Amino acid sequence: MPWNPDVYNQFKAERYAPFYDLLGLVTVKNDLSVIDLGCGTGELTRKLADALPGSQVTGIDTSAEMLEKAKTFATDHLHFSQQSIENAVAGGSTWDIVFSNAAVQWVEDHETLLPRIISLVKKGGQLAIQVPSNHHHVSHVAIRELAERAPYREALNGWIRTSPVLSIEQYARILFENGGHNINVFEKVYPHVLEDAKAVVGWTSGTALVPYMDKLPAALKDSFLNEYTATLTKALPGSPVFYPFNRTLMVATF
Ligand SMILES: C[S@@+](CC[C@H](N)C(=O)[O-])C[C@H]1O[C@@H](n2cnc3c(N)ncnc32)[C@H](O)[C@@H]1O
């Protein structure tokens with residue numbers, strides 16, 4: 001997928017808040033081994049590494065564009081590699097902290113994936129994951145509804161992206177069934193205030209729209225974006241617009 005670090009970085013301050021909430025749930029110790037699944041530009045992985053003195057931190061991501069930025073945050077204690085989450089969970093290495101901020105939602109089937117991610121945690125180690133759970137908001141629903149209409153449906157061969165994100169009860173159960181202790185799973189609303197509906201389009205351009213823009217033929221990209229913008233302008237009129245953003249945070253020790 002063509003991740004664009006500059007588009008993603010537009011709403012840095014808003015995207016930082018859940019990261020700091022997640023970091024606040026991590027039990028800080030020295031000299032840990034840590035993996036950050038879907039590290040993106042690496043800026044937040046660096047903050048994670050800086051918060052864990054003496055630890056060895058590895059950030060993995062599939063996007064060459066994101067990892068190009070990440071290079072600038074590397075240190076003796078922080079390395080990045082191009083690897084998928086699917087590959088990491090199949091790899092057999094284990095870590096004191098398995099961390100992931102806003103990335104696991106890009107991998108399907110969390111009933112199967114979560115136990116595999118948990119298997120990366122060393123005995124006595126901790127899992128800390130944050131995923132957006134905003135898929136019921138109009139900004140996401142409108143993308144799927146548009147993709148289901150002509151001519152986009154034909155161009156996409158009927159493909160739409162449904163979020164694999166589960167309920168907090170389901171995540172809590174999975175953590176428990178796989179040996180979790182000190183389980184803490186909750187959903188939080190991040191109350192963003194953006195300039196207008198176009199700014200919301202700017203937000204989803206860095207995330208939810210990415211796979212659609214990737215799959216649509218060049219001739220339909222602009223019209224898809226225009227129709228989506230028109231729908232959101234109707235649904236979220238005026239300025240500023242309130243953009244409540246639900247996210248699910250989960251931690252447990254194993
Ligand atoms: C929304 S960004 C979050 C980046 C970073 N964790 C942060 O908080 O700023 C999602 C990242 O997940 C990466 N990603 C998506 N699917 C992935 C996969 N299957 N394996 C590894 N990384 C993936 C994308 O390349 C992107 O950099």
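Higher on the page you've got the structure.
Okay, so let's go over this structure. Predicted, not measured: the structure shown is a model, and the values here were computed from it. (Residues numbered from 1 in each chain as written. Predicted model: local features only at pLDDT ≥ 70, side-chain atom pairs only at ≥ 80, totals over all residues.)

**Some words on the overall build of the protein chain**
Piece 1. Each helix and strand counted, the protein chain has 12 helices and seven strands in total.
Piece 2. The C-alpha atoms of the protein chain give a radius of gyration of 18 Å, which matches the 18 Å a tight globule of 254 residues would have.
Piece 3. Taken along its principal axes, the extent of the C-alpha atoms in the protein chain is 50 × 40 × 35 Å.
Piece 4. When each of the 254 residues of the protein chain is scored for burial, the buried share is 38%. (Helix = DSSP H or I, 4+ residues; strand = E, 2+ residues; numbered from the N terminus. Rg over C-alpha atoms; globule rule 2.2 N^0.38 Å. Buried ≥ 20, exposed ≤ 12 C-beta atoms within 10 Å, placed from the backbone.)

**Points about helix 6 (residues 110-118)**
Along an α-helix, a turn takes 3.6 residues, which lines up residues three or four apart on a common side.
Piece 1. For helix 6, the full list of buried residues reads H110, L114, I117 and I118. All buried residues of helix 6 project into a common sector of 100 degrees when viewed along the axis, lining one side.
Piece 2. Where the residues of helix 6 are buried, they touch helix 5 (85-90), strand 4 (95-101), strand 5 (121-132) and helix 9 (168-177). (Arc of directions from axis to C-beta. Contact = placed C-beta atoms within 7 Å.)

**Here we look at the site of the ligand**
Piece 1. What surrounds the ligand is a group of 19 residues, the closest being G38, G40, S63, A103 and W106.
Piece 2. Partitioned by chemical class, the residues of the shell around the ligand number 10 nonpolar, seven polar and two charged. (Near = placed C-beta within 6 Å. Nonpolar A, V, L, I, M, F, W, Y, C, P; charged D, E, K, R; others polar.)

**Here's the deal with unusual backbone geometry**
The bulk of non-glycine residues show a negative phi, and the bulk of peptide bonds are trans.
Piece 1. Cis geometry marks the peptide bond from A150 to P151; its omega dihedral reads 0 degrees.
Piece 2. Of note, the amide linkage connecting S239 to P240 takes the cis form, showing an omega dihedral of -5 degrees.
Piece 3. Topologically, P240 is positioned in the loop between helix 12 (218-235) and strand 7 (241-253).
Piece 4. Backbone geometry at D109 places phi at a positive 55 degrees, although glycine is not the residue there.
Piece 5. Counting through the fold element by element, D109 comes out in the loop between strand 4 and helix 6.
Piece 6. In this structure D109 comes out as exposed when scored by C-beta crowding, with 9 C-beta atoms within 10 Å.
Piece 7. With a phi angle near 50 degrees, N182 is a residue other than glycine that sits in the positive phi range.
Piece 8. Residue class for N182 comes out exposed when judged on the 12 C-beta atoms lying within 10 Å of it.

**Quick notes on the sheet that holds strand 3 (residues 78-82)**
Piece 1. Sheet architecture is open: seven strands sit in the order 3-2-1-4-5-7-6, paired in mixed fashion. Bordering the open sheet on either side are strand 3 and strand 6 (181-194), each of which pairs with just one other strand. Direction aside, the axes of adjacent strands within the sheet are offset by 15 degrees on average.
Piece 2. In the sheet, strand 1 (residues 33-37) pairs with strand 2 (residues 56-61) via five bridges, with the strands oriented parallel. (Pairing = 2+ DSSP bridges. Axes fitted to C-alpha atoms, helices over the stretch in contact; angles between N-to-C directions.)

**So, the nonpolar core**
Piece 1. Counting 45 residues, the largest nonpolar core has V34, I35, L37, V98, L120, L127 and M250 as the members making the most contacts within it.
Piece 2. Looking at this core element by element, the count peaks at five residues for strand 5.
Piece 3. Residues in contact with I35, not counting those within four places in the same chain, are T58, I60, A88, W95, V98, F99 and L120. (Core = buried A, V, L, I, M, F, W, Y, C linked by C-beta atoms within 7 Å.)

**Description of the environment of I129**
Piece 1. Tracing the backbone through its elements, the reader meets I129 in strand 5.
Piece 2. On the basis of neighbour count, I129 is assigned to the buried category, with 25 C-beta atoms found within 10 Å.
Piece 3. Spatially, the C-alpha atoms of I129 and T207 are 18 Å apart, while their sequence positions differ by 78 residues.
Piece 4. The contact partners of I129, leaving out residues within four places of it in the chain, are S100, V104 and M250.

**Structural notes on helix 10 (residues 197-205)**
Piece 1. Those residues of helix 10 lying buried are A197, V200, V201 and W203. Taken end-on, helix 10 shows its buried residues confined to a sector of 155 degrees, consistent with a single buried face.
Piece 2. Where the residues of helix 10 are buried, they touch helix 7 (138-147), strand 6, helix 12 and strand 7.

**Quick word on the packing of helix 10 against helix 12**
Piece 1. The N-to-C vectors of helix 10 and helix 12 enclose an angle of 130 degrees; their axes lie 8 Å apart at closest approach. The orientation of helix 10 with respect to helix 12, classified from their angle, is oblique. In the crossing of helix 10 with helix 12, the sense of the turn from one axis to the other is right-handed. Residue-level contacts link A197, K198, V200 and V201 of helix 10 to Y228, T229, L232 and T233 of helix 12.
Piece 2. In the contact of helix 10 with helix 12, the residues fall into five nonpolar, two polar and one charged. (Parallel < 35°, antiparallel > 145°, perpendicular 65-115°, else oblique. Left-handed = near helix turned anticlockwise from the far one by under 90°.)

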